[in-house]
Amino acid sequence: MVSLLCFRSVGVYLLRQATPIITRGGRISRPISKNLCFVLFSSSPKTSLLKPRAQSSENNSLVFKGDERVVGLVGKVVDDAFDKVDRFQSSSTIVAIVTPIGGPPGAVGIVRLSGPKAVEVARRVFRSAKKTKKKESDSDTWRPKSHFVEYGVVVDSNGNVVDEVLAVPMLAPRSYTREDVVELQCHGSEVCLRRVLRTCVEAGARLAEPGEFTLRAFLNGRLDLSQAENVEKLISAKSSAAADAALEGIQGGFSSLVKSLRAQCIELLTEIEARLDFEDEMPPLDIESVINKITSMSQNVESALDTANYDKLLQSGLQIAIVGRPNVGKSSLLNAWSKSERAIVTEVAGTTRDVVEANVTVRGVPITLLDTAGIRETNDIVEKIGVERSETAAKVADVIIMAVSAVEGWTEEDTELLRKIQSDKPMILVMNKIDCAPPGSCDQLEDQRKKEEVFHKSVFTSAVTGQGIEELEDAILEILGLDRVPTGGHQWTVNQRQCEQLVRTKEALVRLREAIEDEIPIDFWTIELREAALSLAQISGQDVSEEVLSSIFAKFCIGK
Amino acid sequence: MRAAAAATATVSLRHFRSFPTIVPSLLFSSSSSIPFHSPRLCVFLRPRQLFLNRPLAASFSSSSSGATSDSTYDVIVVGAGHAGCEAALASARLGASTLLLTLNLDRIAWQPCNPAVGGPAKSQLVHEVDALGGDIGKVADRCYLQKRILNVSRGPAVRSLRAQTDKREYATEMKKIVDSTENLCIREAMVTDIIVGKNDNVKGVATFFGMNFYAPSVILTTGTFMSGKIWVGKKSMPAGRAGESASQGLTENLQKLGFETDRLKTGTPARVDRRTIDFSNLEAQHGDEEVSWFSFDPDFHIEREQMCCYLTRTTKITHQLIRDNLHETPTYGGWVEAKGPRYCPSIEDKIVRFKDKESHQIFLEPEGRDVPEIYVQGFSTGLPENLQLPLLRSLPGLENCSMLRPAYAVEYDYLPAHQCSRSLMTKKIEGLFFSGQINGTTGYEEAAAQGIISGINAARHADGKKHVVLERESSYIGTLIDDLVTKDLREPYRMLTSRSEHRLLLRFDNADSRLTPLGRELGLIDDRRWKLYQEKQARISEEKKRLKTVKISVAVGDLAAEVSSVSSQPVKESATLESLLKKPHIHYKLLEKHGFGNETLSRMEKDCVEIDIKYEGFIVRQQNQLQQMVHQQHRRLPDDLDYYSMTTLSHEGREKLSKVRPETIGQASRVGGVSPADITALLITLESNRRRTQDVKRGKILEHALAESNPQWVEDREHVVNE
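These numbers come from a predicted model, not from an experiment. By convention here, each chain's residues receive numbers from 1 onward along its written sequence. To label them, take the chains in the order written and letter them from A, then take the ligands in the order written and number them from 1. Reporting of local features is limited, given that this is a predicted model, to residues whose pLDDT is at least 70; pairs of side-chain atoms are given and counted only at 80 or more, and all residues count toward the totals for whole chains, interfaces and linings. Side-chain numbers come from the whole structure's heavy atoms, not from hydrogens or water.

### So, the overall build of chain B
Let me state the cut-off plainly: Only runs of H or I of at least four residues qualify as helices and only runs of E of at least two qualify as strands under DSSP, and these elements are numbered from the N terminus. It only takes one pair of heavy atoms within 4.5 Å for two residues to be counted as in contact. The method behind every accessible area is Shrake-Rupley, applied with a 1.4 Å probe, and residues are considered shielded solely by the protein chains displayed.
A count of helical and extended segments in chain B gives 27 helices and 24 strands. Taking the intrachain contacts of chain B between residues at least 6 apart in sequence as the baseline, contacts between residues at least 24 apart amount to 72%. For chain B, the computed accessible surface area is about 28,600 Å², with 53% contributed by carbon and sulfur atoms.

As structure tokens, this is what we get:
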């Protein structure tokens, strides 16, 4: 009997220590297999099923002891790391738009958060309507109830409402990835979805890689084995896609800024770390120049994030004024572009007396077109007011389209008008009526554009046939730097990633400047610089160390 | 009776070790025939309990009592340098009968190059070895000529101690410790071969004169001696160090066992006679007035008189002389190919690579109190001997110097350390460990750090216990070993603070609270040290509590006024001392000045308190980041993974992973050429494999369960299968 008891406990011991495989599968499988084994161990004669884990784990004890002094600070230091390491646990919280984008907008789109901090991130961006009614200040302690839908809004870091959403918390393990998942159901337009995504990124989530939710689901024991193959395919597709992205990233968006920022981080790390490791062999560090560099870096990051902010455009849209002499076809252009009969079109010069608005959407950016009265010297009081309004419209618009007639070519009045409306705003020269233009007039106009130098682009259009409208849209996107943001496409992803990198860099630099202001020793600066360099390159810390070391040895004469 | 008990213990231990195979059969064969079915077995199966309850030396009784011959030991350490000494001491202290073999008994723990211990990152290694109960820190504390704290104001993580040491005294002191340690024998011998058993396990070593020594664990710490060759100009001779013969034959025999070897180069500068130097115009470098210590053991904190170092610089003449004779140097003349370290360039390298620099700093450091030798730091050269003196004499202050030893370079064999696992045992031969320069490192501190780990593991291996692995983020020792076994190193490896991603957590001041509990658990920290440690930690945490609770009134006393003027920050009414300490430029000393200190604390303890409070935010953030990644990084990889069959891995990834055979996911991700996509693919493969085996097992379990309830079923089934 004694021996029987003993074997029982051995059996349990084995189960607990040597075969997490069995206890691992989750709540469902555990009790079953345990019971089974109990039965087996107590009486079954010859069973050799429980081959223990690989020999190596028997031989090796892994020591990861924390610092006893900080135990109190951090709570539980990984004492039982050995028990836990065999489970897959992702360290990061990922976010992505999981409904298709790029096609016609759906009614609802979903942004999904998954990972250990999913709830924390959601708490930062989501304000439940229920709670805000009760108590304003209590809103940041949102306690999600798993699988209960809550209505509320997503707000950005400044407290501005981004979108109305339904939040669906699905807490681990009852979720697709078996991690904490929060899905935010937003309005289906891309604008909304992107802004919610961006807010989540700013709140600390990382953009998910293609297939990453599925990957996590698989690694956490979901999906069946046959699906692993699909995951593997996704991953290998991912690496080639990553190569593509890297290649495309060379030209797109912020890439040159990201590269130069990274180089600056490495340079500063080199300067500082060289002093730390080779103190007595180095000339003293020029702290002031380091601080100046850091300041200019953070200015660069912030201005990049501010100006090249698609979100701003997405939010407010653009105003484009179409100006020109009378009867060059401005109103027909507006109608052709907006596919409407918004403006009255006649053969009579000066038909348009007031500013006419029409809305179009170019690649997700809402655009307000302003058709204006033809600008000319006139004695007609109504027309005169119209001309004044045209000039005002040109002043308030983000982009000016100057229309000329390809039939008549560039005229004296055009030069005069150009002088009147000239500003530092981006301008596009539209040569309209191309369908009935005499041959050669195009060249003349093109020469003129080059001479004037104020036009960023020129486009030939025909409001009658619709020719050139697409080119016009492209020209606008290009001028705004949005040409590399095709909807939902690859490049968009690249830009999003660069944006994310900049957001992370900004955070690190903000902390760095705080540290400098608090006169924290220089070693702490390296922590933030390293983080900035890491987020800019998305490579591992060891690689940064190696790069900094190589740079130190290349740059400084060190060695005893 | 005692012997019997010990024997039972050993037997059950052995079974515990191999219980993967034994236990199932034991469990399921007819139970009555098992010889030890007492409840005791269960007790022994709890490793922790077993570990703590057993007297240290007892466990080895079987191996030493079984073979009483002088030639049989538990652990043999080959080489008595800084790695060998720490290894032998750790092993002997764990109760293993240990033999330390060296080529020359008079050169134990010799400092053939710079007579100094510590410096950035290296001092952290020394503190860590000391926290585990090692000796390098104690000996350096005992033999210092000068001590300085570097990076004083640059942050607690990079603050480091450097000591100039008396190299003869150092060797003598270490010899004394080695001589007086129980279970440790020392003997002169040149090891030429490793004796290997049938199962690719080490059995012992063969020596040049024909003696064989036997042990289940052997540690090689060959330093620069394995096929060592020294160079002065174009002349070379086989030698491990100047004046000491090299060890021949071992490399070839290791190669025969299938090990990959390669060659490295390092060098040491000339020594000059102190009496022939004119110090009057040289800048003096004094030691710190308040001396700091490597060891956490206050018994070794004995202050002594300090000596001075001096600073001189290269001149135009030096540079000209070198440029004129570049063809005479091995590197530029082209007759030595082995790679030297980047951080230890010869003076000719510095002058060629940094043409714009008009002058380089040269440090003159004493080698001992009773010897006239001065180490000319920063001046190693491959120039022939006849040019070395004129070169030295081009330095200010050395115009009339006489040279006692010429500078020389040394080339030696090493074994790229990816052939070791993180316990420092080789992957090919069970029980064979490598430590120190043989693994491609440089430096006494790096050697000592590896030595203590291999010593611990060799002893545990001989005793059939689990090996100890220090994770990368636990310590500089862990970082060092992880780098060695994972990375493809092309130059001698020196520890640098920038090599650790977690250095804020790996400071000098917390080396004991990180590692001493482990040292205690292993059996290297005795009761006295343990008590000291616990008292220290208690005082620190008491003091932190006190600072949190004691409040000062702004109106009364000068403290508030001085704090706000020093930190240029306002002080709130009834601020706690803790909040004051968090302000910039406010140190514990200021609290003391105004009578708010605690006199029972040592300076070190005050530092600890100050660091914990002042940098709490940073420390907690880093600790949290670390914990997040640890779970994933420490996930183990099976030993038998066939990387070549994983078609989803990149070709480079397959090749590199097959070569390094990492033990964890984290280590795999650090192997050069392995991309994040490779790691994901690896995770998927692991999970798929796990599911497959699980399915198979589930099937079997079900089958047996059914078989149990209905034995007929299985028979039927077998019947069907057979048909």
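### Description of the overall build of chain A
Here is the rule we go by: Summary of the burial criterion: residues with accessible area below 20% of their type's maximum are buried, those above 50% are exposed, and those between are partly exposed, where the area comes from a 1.4 Å probe applied to protein chains only.
Scanning chain A from terminus to terminus reveals 22 helices and 14 strands. Taking all 560 residues of chain A together, 52% fall into the buried category. For chain A, the proportion of contacts with a sequence separation of at least 24, taken over those separated by at least 6, is 66%.

### Some words on the packing of helix α6 (residues 82-93) of chain B against helix α9 (residues 167-179) of chain B
Each pair of packed helices can be described by the angle between their axes along with the distance between the axes. All names here are of chain B. To keep things clear, this is the line we draw: Axis geometry follows a simple rule: fit a line to the C-alpha atoms, using only the stretch in contact for helices, then measure angles between N-to-C directions, giving values from 0 to 180 degrees. Oblique is the label for every angle not falling under 35 degrees (roughly parallel), over 145 degrees (roughly antiparallel), or within 65 to 115 degrees (roughly perpendicular). Crossing handedness: left-handed means the near helix sits turned counterclockwise from the far one by under a right angle, and right-handed means the same turn made clockwise. Residues are grouped as follows: Ala, Val, Leu, Ile, Met, Phe, Trp, Tyr, Cys and Pro are nonpolar; Asp, Glu, Lys and Arg are charged; every other residue, Gly included, is polar.
Remark: α6 packs on α9, axes separated minimally by 11 Å, with the N-to-C direction vectors making an angle of 20 degrees. Taken together, the axis directions place α6 and α9 in an arrangement best described as roughly parallel. Helix-helix and strand crossings are classified by hand; for α6 and α9 the assignment is left-handed. Here His82, Cys85, Glu86, Leu89 and Arg93 of α6 come into contact with α9, specifically with Tyr170, Met174, Ile177 and Val178. Residues that form the contact of α6 with α9 fall into these classes: six nonpolar, one polar and two charged.

### Remarks on the confidence of the model for chain B
Detailed reading of the predicted model is not advised wherever pLDDT is low. All names here are of chain B. In plain terms, the rule: The pLDDT value tells you how sure the predictor is about a given residue, anywhere from 0 up to 100.
Across chain B, the average pLDDT comes to 86, with 88% of residues at or above 70. A low-confidence stretch, residues 1-59 (pLDDT under 50), is modelled with 69 contacts involving residues beyond four sequence positions or located in other chains. Scoring the predicted complex yields pTM 0.76 and, for the interface, ipTM 0.78.

### Description of the pattern of salt bridges
This is how the line gets drawn: Note on definitions: salt bridges are taken to be side-chain nitrogens of Lys or Arg within 4 Å of carboxyl oxygens of Asp or Glu.
Evaluated as defined, the whole model comprises 73 salt bridges over all chains. In this structure, the salt-bridge partner of Arg124 of chain A is Glu120 of chain A, at a minimum N-O distance of 2.8 Å. Taken together, the residues span about one helical turn, with Arg124 of chain A and Glu120 of chain A both in helix α7 (residues 118-125) at a distance of four residues. Its salt-bridge partner being Lys545 of chain B, residue Glu542 of chain B comes within 3.8 Å of it at the nearest N-O pair. Here Glu542 of chain B and its partner Lys545 of chain B are both found in helix α18 (residues 527-549), three residues apart, which amounts to about one turn of the helix.

### Thoughts on the sheet that holds strand β12 (residues 399-405) of chain A
All names here are of chain A. This is how the line gets drawn: Here, a strand pair is defined by DSSP locating no fewer than two bridges between the strands.
With mixed pairing, six strands are arranged side by side in an open sheet as β10-β11-β9-β12-β13-β14. Of all strands in the sheet, those with a lone pairing partner are β10 (356-362) and β14 (457-460), marking the two edges. In this sheet, adjacent strand axes meet at a mean angle of 25 degrees when their direction is disregarded. With four bridges connecting them, strand β13 (residues 427-432) and β14 associate as parallel partners. Within β14, the position partnered with Leu429 by the bridge is Ser458.

### Comments concerning the confidence of the model for chain A
All names here are of chain A. When the pLDDT values of chain A are averaged, the result is 73; 69% of them are 70 or greater. Residue range residues 1-59 is modelled with pLDDT below 50. Its contacts to residues more than four positions away, or to other chains, number 97 contacts. Segment residues 245-251 is flagged for pLDDT under 50; beyond a separation of four residues in sequence, or across chains, it makes 10 contacts in the model.

### Overview of the sheet that holds strand β4 (residues 144-150) of chain B
Residues and elements named next belong to chain B. Reading across the sheet, the three strands line up as β3-β5-β4 and stay open at both edges, with antiparallel pairing between neighbours. This sheet does not close on itself; its edge strands, each paired only once, are β3 (116-118) and β4. The average angle at which neighbouring strand axes cross in this sheet is 15 degrees, direction not considered. Sheet topology note: the β4/strand β5 (residues 160-165) ladder contains six bridges and is antiparallel. Paired with Ile149 across the two strands is Leu161, which belongs to β5.

### Side note on the environment of Val620 of chain B
Locating Val620 of chain B in the fold gives a position in helix α23 (residues 616-633). Residues Val620 of chain B and Leu505 of chain B, spaced 115 residues apart in sequence, show a C-alpha to C-alpha distance of 9.3 Å.

### Structural notes on a nonpolar patch on the surface
Definition in use: Patch building starts from residues that exceed 30% relative accessible area and form no salt bridge, then joins like charges within 9 Å and nonpolar side chains (Val, Leu, Ile, Met, Phe, Trp, Tyr) within 5 Å.
Taken together, Val149, Tyr151 and Leu166 of chain A make up a surface patch of nonpolar side chains, about 270 Å² in accessible area. Following the sequence through the fold, Val149 of chain A ends up in the loop between α8 (129-134) and β5 (150-155).

### Describing helix α17 (residues 511-522) of chain B
Owing to its 3.6 residues per turn, the α-helix brings residues three or four apart onto one side. All names here are of chain B. Which entries qualify depends on this criterion: One less than the residue count of a helix, multiplied by 1.5 Å, gives the span that helix is expected to have.
Relative to the 16 Å expected for 12 residues at 1.5 Å per residue, α17 spans 16 Å between its end C-alpha atoms, a close match to the ideal helical length. Among the 12 residues in α17, 10 count as buried, and that is most of the element. The set of residues buried in α17 consists of Ala511, Asp512, Ser513, Arg514, Leu515, Thr516, Pro517, Leu518, Gly519 and Leu522. Gly523 occupies a position one or two residues after α17 and carries a positive phi of about 105 degrees.

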